[in-house]
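Chain and residue survey
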Amino acid sequence: MEPKAEALVVNKSRTLYSPIDPYSTGNLKVSDVHTLYFEQSGKPDGHPVVFLHGGPGGGTSPNNRRFFDPEFYRIILFDQRGAGKSTPHACLEENTTWDLVNDIEKLREHLKIPEWQVFGGSWGSTLALAYSQSHPDKVTGLVLRGIFLLRKKEIDWFYEGGAAAIYPDAWEEFRDLIPENERGSLVDAYHKRLDSDDMETRYAAARAWTKWEMATAYLLPNNDNIQKAEDDKFSLAFARIENHYFVNKGFFPSDSYLLDNVDKIRHIKTTIVQGRYDVCCPMMSAWDLHKAWPEAELKIVDDAGHSANEPGIAAELVAANEKMKALMG
């Protein structure tokens, strides 16, 4: 007789799973400069999923584990170069999109994982697309949230005055750190300060840059999120690494690179979750991706902004993982 297969338990309530601790943590040296922190939680012999955090520079947090059923998934979190517990902190040297794509492969090989599901939101969606287009044979499924394709119009929207129409109060604080004669490109003006030899100049710019994003990330302003900007260690990595990537156009060879290469991943089962009122990564990018890739399922959350921690978005992310579970059995 065939052994009886385990019944697949589906989380019909779509609520986040209970907090869990990692069963292992480690550090992986990926270059002469960088060492990455990684952790594993959930089921050691479960279906592997890698969580790609945002920013770039945002790092992971324990709450990130809660989108996944720990009885089904082997959950892998890691901090990208210069972020979180990875070292050296806030380092821009050898820190590009393609370095990170290679790091994901090095981590997969280090953990002896043949293939895995990839989960990423905001910048994590950018990196998930870049990684899966480079290594489509290693990806069993994609769950993407708050789509960011790192095109000029997206950077201009958020950092050069578009989003100011919705958040003029928060915008003034971000803008006013920069003298009027340097406001032709706020991204460039912040780059100069975030790369300053004077650490207090760096920290002041990092706080202002980070506060602008944290103030706009939720449909309803979240004070705990805004307070993250006062953590100088967090904000320095977040602002310096984000700005470094944006000044360099994401290190992509063309503005529409990720859209132009959708054919490479068209066959991969994918769910896109997008907040209707996302100010950081407005819905136009998710819509453009959807039009280029109608095979991917698009879930629009009508009562949400950008953050994965908003109730409607969190519910759809859990539901997307539950659907992936059913496909992989």
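Note that the structure is a prediction, hence the values are computed from the model and not measured.

Let us now look at the pattern of salt bridges. One pass over the structure, following the stated rule, counts 26 salt bridges. The shortest N-O distance in the salt bridge between Asp103 and Arg81 comes to 2.7 Å. Separated by 22 residues along the polypeptide, Asp103 in helix H1 (residues 97-110) and Arg81 in the loop between strand S4 (73-78) and H1 bring together distant segments of the chain. Summarising the burial analysis for this pair, Asp103 and Arg81 share the class buried. One salt bridge in this structure joins Asp195 and Arg240, with 3.3 Å as the shortest N-O distance. In this pair, Asp195 sits in the loop between helix H5 (186-194) and helix H6 (199-216) while Arg240 sits in helix H8 (residues 232-247), placing the two residues 45 residues apart along the sequence. Asp195 gets classed as partly exposed once you look at its relative accessible area, which sits at 39%. The class for Arg240 is buried, based on a relative accessible area of 9%.

Moving on, we get to the sheet that holds strand S8 (residues 297-301). Across the sheet, 8 strands lie side by side as S1-S2-S4-S3-S5-S6-S7-S8; this open sheet has mixed pairing. Bordering the open sheet on either side are strand S1 (24-29) and S8, each of which pairs with just one other strand. For this sheet the average axis-to-axis angle between neighbouring strands, irrespective of direction, equals 20°. As paired elements, S1 and strand S2 (residues 35-42) share 6 bridges and run antiparallel to each other. Paired with Lys29 across the strands is Thr35, a residue of S2.

This part is about the packing of H5 against H8. Two numbers describe how H5 lies on H8: the axes approach to 10 Å, and their chain directions differ by 135°. With respect to each other, H5 and H8 are oriented oblique. Considering how the two elements wind past one another, H5 and H8 form a crossing that is left-handed. In this structure, H5 contributes Val187, Asp188, Tyr190, His191 and Leu194 to the contact, and H8 contributes Ala239, Arg240, Asn243, Phe246 and Val247. Along the lines of polarity and charge, the residues of the contact of H5 with H8 split into 6 nonpolar, 2 polar and 2 charged.

The next point concerns the side chain of Glu154. Tracing the sequence through the fold places Glu154 in helix H3 (residues 152-159). Here Glu154 falls in the buried class, since its relative accessible area comes to 3%.

As for its position among the elements, Thr201 is in helix H6. Exposure remark for Thr201: the relative accessible area of 30% places this residue in the partly exposed category. Every residue in contact with Thr201, bar those within four places of it in the chain, is listed here: Arg193 and Ser196.

Here we come to the pairing of strand S6 (residues 139-145). The side chains of a regular strand alternate, residue by residue, between the two faces of the sheet. Burial of S6 is extensive: 6 of the 7 residues sit out of reach of the surface. Of the pairings in the sheet, the one linking strand S5 (residues 116-121) to S6 comprises 6 bridges and is parallel in character. Bridge pairing in S6 links Phe119 to Val143. Strand direction decides the pairing type here: S6 and strand S7 (residues 270-275), joined by 4 bridges, are parallel. Residue pairing across strands places Arg145 opposite Val273, the latter belonging to S7.

As a further point, take the side chain of Thr210. Within the secondary structure, Thr210 is located in helix H6. At a separation of 2.8 Å, a polar atom in the side chain of Thr210 contacts the main-chain carbonyl oxygen of Ala206. In this view, Thr210 contacts Ala229, Phe234, Ser235, Phe238 and Ala239; residues no more than four positions away in its chain are not counted.

Right, let's get into a nonpolar patch on the surface. The grouping of Leu219, Leu220 and Tyr277 at the surface amounts to a nonpolar patch, some 330 Å² of accessible area in total. Among the structural elements, Leu220 can be located in the loop between H6 and helix H7 (223-227).

So, about the UniProt feature "domain: AB hydrolase-1" (unreviewed entry) in the protein. Under the UniProt annotation, the feature "domain: AB hydrolase-1" (unreviewed entry) is placed at residues 48-310. This span, residues 48-310, is 40% helix and 13% strand, and a straight line between its end C-alpha atoms measures 25 Å.

Our next topic: the pairing of S2. By the criterion of burial, S2 is predominantly enclosed, with 7 of the 8 residues buried. Where S1 hands over to S2, the hairpin turn is made up of 5 residues, counted between the paired strands. In this sheet, S4 lies alongside S2 in antiparallel orientation, the contact comprising 5 bridges. Bridging across to S4, Gly42 finds its partner in Arg74.

What counts, and where the lines are drawn
Residues numbered from 1 in each chain as written. Predicted model: local features only at pLDDT ≥ 70, side-chain atom pairs only at ≥ 80, totals over all residues. Heavy atoms only, no water. Salt bridge = Lys/Arg side-chain N within 4 Å of Asp/Glu carboxyl O. Helix = DSSP H or I, 4+ residues; strand = E, 2+ residues; numbered from the N terminus. Buried < 20%, exposed > 50% of the residue type's maximum accessible area, 1.4 Å probe, protein only. Pairing = 2+ DSSP bridges. Axes fitted to C-alpha atoms, helices over the stretch in contact; angles between N-to-C directions. Parallel < 35°, antiparallel > 145°, perpendicular 65-115°, else oblique. Left-handed = near helix turned anticlockwise from the far one by under 90°. Contact = heavy atoms within 4.5 Å. Nonpolar A, V, L, I, M, F, W, Y, C, P; charged D, E, K, R; others polar. Polar contact = N/O pair within 3.5 Å; in protein donor to acceptor, adjacent residues only side chain to side chain. Patch = residues over 30% accessible without salt bridge, like charges linked within 9 Å, V, L, I, M, F, W, Y side chains within 5 Å. Areas by Shrake-Rupley, 256 points an atom, 1.4 Å probe, with all protein chains shown as cover. UniProt positions renumbered as here; feature names shortened; annotations may be inferred.

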